[in-house]
Amino acid sequence: MQETYEPAAVERDAQSYWDASGSFRSLEDPAKPKFYCLSMFPYPSGKLHMGHVRNYTIGDVLTRYHRMRGRNVLQPMGWDAFGLPAENAAMANKVPPAKWTRDNIAYMKKQLQGLGFALDWKRELATCDASYYKWNQWLFTRLFRKGLAYKKTGVVNWDPVDQTVLANEQVIEGRGWRTGALVEKREIPMYFFRITAYAEELLAALDQLPGWPEQVKLMQKNWIGKSEGVRIGFPYELQNQKHVLWVFTTRADTLMGATFMAVAAEHPIAIHASKTNPQLKEFVEECKKGAVMEADLAQIEKKGMPTGLHAFHPITNEKIPVWVGNYVLMGYGEGAVMGVPAHDERDYAFALKYKLPIKPVIRHPAGDKVDPPWQPEYAEYGVCINSGPYDGLDYQSAVDKISSDLKAKGLGEKHIQWRLRDWGISRQRYWGCPVPIVHCPACGDVPVPDEQLPVKLPEHLVPDGTGNPLAKLPAFYETKCPSCGKPAKRETDTMDTFVDSSWYFARFACPDQDQAMVDERARYWMAVDQYIGGIEHAILHLLYSRFFTRAMRDEGLLPGMAEPFTNLLTQGMVLAESYYTDASGRREWINPADVSIEKDSKGKIVSAKRKSDGAAVVYDGIGTMSKSKNNGVDPQALIDKYGADTARFYTMFASPPTNTLEWSDESVEGSYRFLKRVWAYCLKFKAGSNTEVKEGLRKATRFEIHTQLKQINYDMQKHQFNTVASGAMKILNALERLEGFPAEAKEGLKILLCVLSPITPIWRTIFGLI
């Protein structure tokens, strides 16, 4: 051992040994219990941030712990490499996204290796490699032939300047994030996965996942959103033709209180009425530029305009005015809702705003009136009033009777509706997996045959922000129909990057398999025993992965498999202080490392100045580390100064893994001092002799160390790594109190090194020196 703790040298030697000996190579071994530990793979943005370090350290601690306990452990790593950020970077740097992406992968891989993670790099994959996305395309063709993948028109945000579709987060106050152009709603042909075919199974199976956080399961249940109610038809006429305006409601007992209908701007009624009403046409166009997501609509001001048309109440045959509402989406249900203002808060506000009738039909606890302001009891269940033949009926009796009467008229019935919508996977962008479809004038949409897969993405293109480069490249889209051989056009849409990340965990089991999507090795390793990632992926990524696993199961790829992840851990965010100046007339964020601060006796910041020039800066509080606020800590700088083990130890010690971690330079320094103390104790032990220590102290020390060991084992299984780290500190304190090196010291030191090794792995290599 060296006389002083020099992390760079020690860690370099240990990592070289691990690489040379293939320490983390994982092979299938049916004789041993397996443990598949996986952290969500990163997007190759350029360099790691502290969120990555924390996430992957959690996985590595578990990997090493279970390996020490004799399990056959797999911990792979790869890259979620397709996506829009690469296109944006390509435009900014005038380089192909492929080069930018692969350069970033190379740099981030070095960083991960420098952190000493027990990763099986032989299984590395990148979703932008044709050997990977070939199987996206292969499965797509199978699902397309089964009808689980299909094409229909969908409503999207359209930037008329860039000629491209924008994600909702790229629309800022109705304008494109890059061009500033007013965004339009457009209906364009898109490809969808019929995830709704698995809605019932996806919902029911959540109750069979005891290893998932309850919060995540609830979020998924709400997203899937099973609602039992009644589908109700309101007849209407358009150009002397009879139609039915269908709505779904969970409150059929309020049907007699419907005083207006609201339809989406794209609904045939709205389109017809706007042809002869310039004001309505202007409003319809305004609505088309609005939000396209339910969550966004909940936040906007509710606006409407009458169409001048009406529908007929299915029970009373009364005329009910039809309005266009900016809060109604064509893509949800059938683009229409019935307005019952007396018993729905949104409808109530809408009716007050536009002076529409408000008719109470449910007796609520406070009485029969619904005076402003809105009260929650107005929406409660009760007994029907002002409802003709349904007066006096309670909720369930009213629903039963009304649905029966509607069914007899052919205008309704009981119905189960899902909030979940089919997954639109089309992206009119370049850097993604090409959709394997050929459009033939004679044969229609034809899936690309297996022998012609993969449809390779040209990697030399540089986007310029004006639409999809693939649509401007005849060498890509000009082809022949696989069925008839006549000239045809290749699809230029690419797949949503969620497709790439919805099955990568299974491919890690057999990344070198070139004849099949997965093989028997996936059946050995799957399901993932422990999955780790941020709560921000609690809905879409996890839901799509659950869908994909079932689709692969039904294709015979993962027999008997339903759930991809047995246990799920959602780690907390890393927080840090943020500072800014306004001296230049615009807010400039200053990295905390460039700020000197003074605190009062209670730890409150009373003064903050920029180190370079002493200028005063404003303290903006504690928040998530982000590029936008320039408050991130560079992991590489931390490793260079203190070593990887200090970074790992601090991120585990500072907070339980599911809680937020508030960054503290002082605590980082404290973690470094602790590891130096361990090193110093090892040196003293090696140089010392079996000295005489009072028997009582020896027994007490041994008892304390084993008590800590028992607690540490318990805490490790509960993923309380912060108390594992503090337990290691307590063991060192106990050893130092011995003031000598009896046999109990050697036993205690080996326990300490064993306990530390999952968190700070180089300490295991010191075993042979003790």
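This text goes with the structure placed above it.
Computed from a prediction, not measured in an experiment: that's the story for all the values here.

Analysis parameters
- Throughout, residues of each chain are indexed from 1 in the direction in which the sequence is written.
- Local features are withheld for residues below a pLDDT of 70 in this predicted model, meaning they are given only at 70 or higher, and side-chain atom pairs are given and counted only at 80 or more; totals for whole chains, interfaces and linings count all residues.
- As a convention, hydrogens and water are excluded, and side-chain values are obtained from all of the structure's heavy atoms.
- We treat two strands as partners when DSSP finds at least two bridges between them.
- Under the scheme used here, helices are H or I runs from DSSP no shorter than 4 residues and strands are E runs no shorter than 2 residues, and both carry numbers assigned from the N terminus.
- The convention used is that axes are lines fitted to C-alpha atoms, helices contributing only their stretch in contact, and that angles between N-to-C directions extend from 0 to 180 degrees.
- Aromatic pairing here means that ring centres of Phe, Tyr or Trp (its six-membered ring) are within 6.5 Å. Orientation follows from the plane angle: under 30 degrees is stacked, over 60 is edge-to-face, and everything else is tilted.
- Each residue is assigned to one of three classes by its accessible area relative to the maximum for its type, calculated with a 1.4 Å probe on protein chains only: buried under 20%, partly exposed between the two thresholds, exposed over 50%.
- We treat Lys and Arg as the positive residues and Asp and Glu as the negative residues; His and chain ends play no part in the count.
- Whenever a carboxyl oxygen of Asp or Glu lies within 4 Å of a side-chain nitrogen of Lys or Arg, that contact is scored as a salt bridge.
- For this analysis, a polar contact is any N or O atom pair within 3.5 Å, provided that within protein one partner can donate a hydrogen and the other can accept it, and provided that sequence-adjacent residues contribute only side-chain to side-chain pairs.
- By convention in this document, the label disulfide applies to cysteine sulfur atom pairs within 2.5 Å.

### A short note on the pairing of strand S13 (residues 304–312)
Move 1: Bridge count for S13 against strand S14 (residues 319–325) is 6 bridges, and the pairing is antiparallel. Across the sheet, the residue bridging to Pro306 is Trp323, located in S14.

### Topic: the sheet that holds strand S2 (residues 72–74)
Move 1: Across the sheet, 4 strands lie side by side as S2-S1-S26-S27; this open sheet has parallel pairing. Edge positions in the open sheet fall to S2 and strand S27 (565–571), since each of these has one partner strand only. This sheet shows a mean twist of 20 degrees between the axes of neighbouring strands, independent of strand direction.
Move 2: Looking at chain direction, strand S1 (residues 34–39) and strand S26 (residues 528–534) are connected through 3 bridges and run parallel.

### Brief notes about the packing of aromatic side chains
Move 1: A complete count under the given rule lists 46 aromatic pairs for this structure.
Move 2: Both rings, one in Phe260 and one in Phe350, keep their centres 5.2 Å apart while their planes meet at 25 degrees; by these two values the pair is stacked. Here Phe260, found in strand S12 (residues 260–263), pairs with Phe350, found in helix H11 (residues 345–354); they are 90 residues apart in sequence, far enough to count as distant. Residues Phe260 and Phe350 agree in their burial class; the two are buried.
Move 3: Aromatic side chains Tyr681 and Phe741 sit 5.8 Å apart centroid to centroid with 55 degrees between the ring planes, which places their arrangement in the tilted category. Highlighted residues: Tyr681 in helix H20 (residues 665–687) and Phe741 in the loop between helix H22 (721–738) and helix H23 (743–756), separated in sequence by 60 residues.
Move 4: You can call Tyr681 buried: its relative accessible area is 5%.
Move 5: Taken together, the ring pairs in this structure connect Phe140, Phe144, Tyr191, Phe193, Tyr198, Trp423, Phe498, Tyr544, Phe547 and Phe548 into an aromatic cluster.

### Details of the side chain of Glu11
Move 1: Tracing the chain through its elements places Glu11 in helix H1 (residues 7–21).
Move 2: No salt bridge is formed by the buried Glu11. Its closest oppositely charged neighbour is Arg648, at 7.9 Å.
Move 3: Within the structure, Glu11 has its side chain in polar contact with the backbone nitrogen of Asp645 (distance 3.0 Å).

### Let's talk about the state of the cysteines
Move 1: Scanning the model with the defined rule gives 0 disulfides in all.
Move 2: Cys754 supplies the cysteine sulfur nearest to Cys682, a cysteine that is in no disulfide, at a spacing of 13 Å.
Move 3: For Cys682, a relative accessible area of 0% corresponds to the buried category.

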